Amino acid sequence: LYNENQRIKDMLPLFEELVRFYPKKRYWTQLSGVYGELKEEKKQLSSLEAAHDQRLLNKESEYIALYQLLMRAEAPYKAAKALQYGFDEEFVERKEKNLKMLAQGWHMSQELKKAEPLYKEAAEKSEEGELFVFLGQLYLATDRYELAKDSLKLGLEKGKLKDPVTVNILLG
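Residues numbered from 1 in each chain as written. Predicted model: local features only at pLDDT ≥ 70, side-chain atom pairs only at ≥ 80, totals over all residues. Heavy atoms only, no water.

The next thing to look at is the pattern of salt bridges. Under the criterion given, the structure shown has nine salt bridges. For Arg72, the salt bridge identified is with Glu41, shortest N-O distance 3.2 Å. On the criterion of sequence distance, the pair formed by Arg72 in helix H4 (residues 60–72) and Glu41 in helix H3 (residues 41–53) is long-range, its members being 31 residues apart. Lys95 is the partner of Glu60 in a salt bridge, and the nearest nitrogen-oxygen pair spans 3.4 Å. Of this pair, Glu60 sits in helix H4 while Lys95 sits in the loop between helix H5 (76–88) and helix H6 (96–108), and the two are 35 residues apart along the sequence. (Salt bridge = Lys/Arg side-chain N within 4 Å of Asp/Glu carboxyl O. Helix = DSSP H or I, 4+ residues; strand = E, 2+ residues; numbered from the N terminus.)

Next up on the list: the environment of Leu83. The topology assignment puts Leu83 in helix H5. Remark: the alpha-carbon pair of Leu83 and Ala148, spanning 65 residues in sequence, is separated by 27 Å.

Packing of H5 against H6 brings their axes to within 8 Å, and their N-to-C directions diverge by 145°. Read as a crossing pair, H5 and H6 show a hand that is left-handed. On H6, the residues touching Pro76, Tyr77, Ala80, Lys81, Leu83, Gln84 and Phe87 of H5 are Asn98, Leu99, Met101, Leu102, Gly105, Trp106 and Met108. (Axes fitted to C-alpha atoms, helices over the stretch in contact; angles between N-to-C directions. Left-handed = near helix turned anticlockwise from the far one by under 90°. Contact = heavy atoms within 4.5 Å.)

Here H5 spans 18 Å end to end across 13 residues, near enough to the 18 Å set by a 1.5 Å rise per residue. Taken together, the buried positions of H5 are occupied by Pro76, Ala79, Ala80, Ala82, Leu83, Gly86 and Phe87. Summarising the axial view, the buried residues of H5 lie within an arc of 165°, below the 170-degree limit, and thus occupy one face. Those residues of H5 hidden inside the fold are in contact with H3, H4 and H6. Positioned one or two residues after H5, Glu90 has a phi angle of 65°, which is positive. (Expected span 1.5 Å × (residues − 1). Buried < 20%, exposed > 50% of the residue type's maximum accessible area, 1.4 Å probe, protein only. Arc of directions from axis to C-beta.)

Further remarks concern the side chain of Glu49. Note on placement: Glu49 falls in helix H3. The residues touching Glu49, leaving out its near neighbours within four places in the chain, are Leu66, Leu70 and Lys78.

This is how it looks when you write it as structure tokens:
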């Protein structure tokens, strides 16, 4: 009834009580949604993370939301770990967008060995060259210049780059 009447704040104590006494996936995700509606992002993250910790999440959209909330909370390692779990359990599809997110999470966590194969897989699925540029920059950061050159050239060949001038400078 509260939901139908747009009384979001009145829903909050009910969901908090439900997760306390009946910790089901549905209640945790709904509680997270209520916090999201109330613009309480930290609590939204906490409730979705609690559902993940209890291994209740089983949808791609839930893992993407958890990843995005953790990244906004400046926790890229936790974000990458959560999304990696989604991949490992096959809740998250291995498509370009998802692979890129996971690669960026590992990259921002300084886990370059984990990011590299994901960037490569995502770049091969992409119709744009931007991911090959990311991969080239990763190779540059790890002093593998020949691989960097090849990757940056592939990025230029695929095209649709935001800044091809910078890519040419990197190649130089």
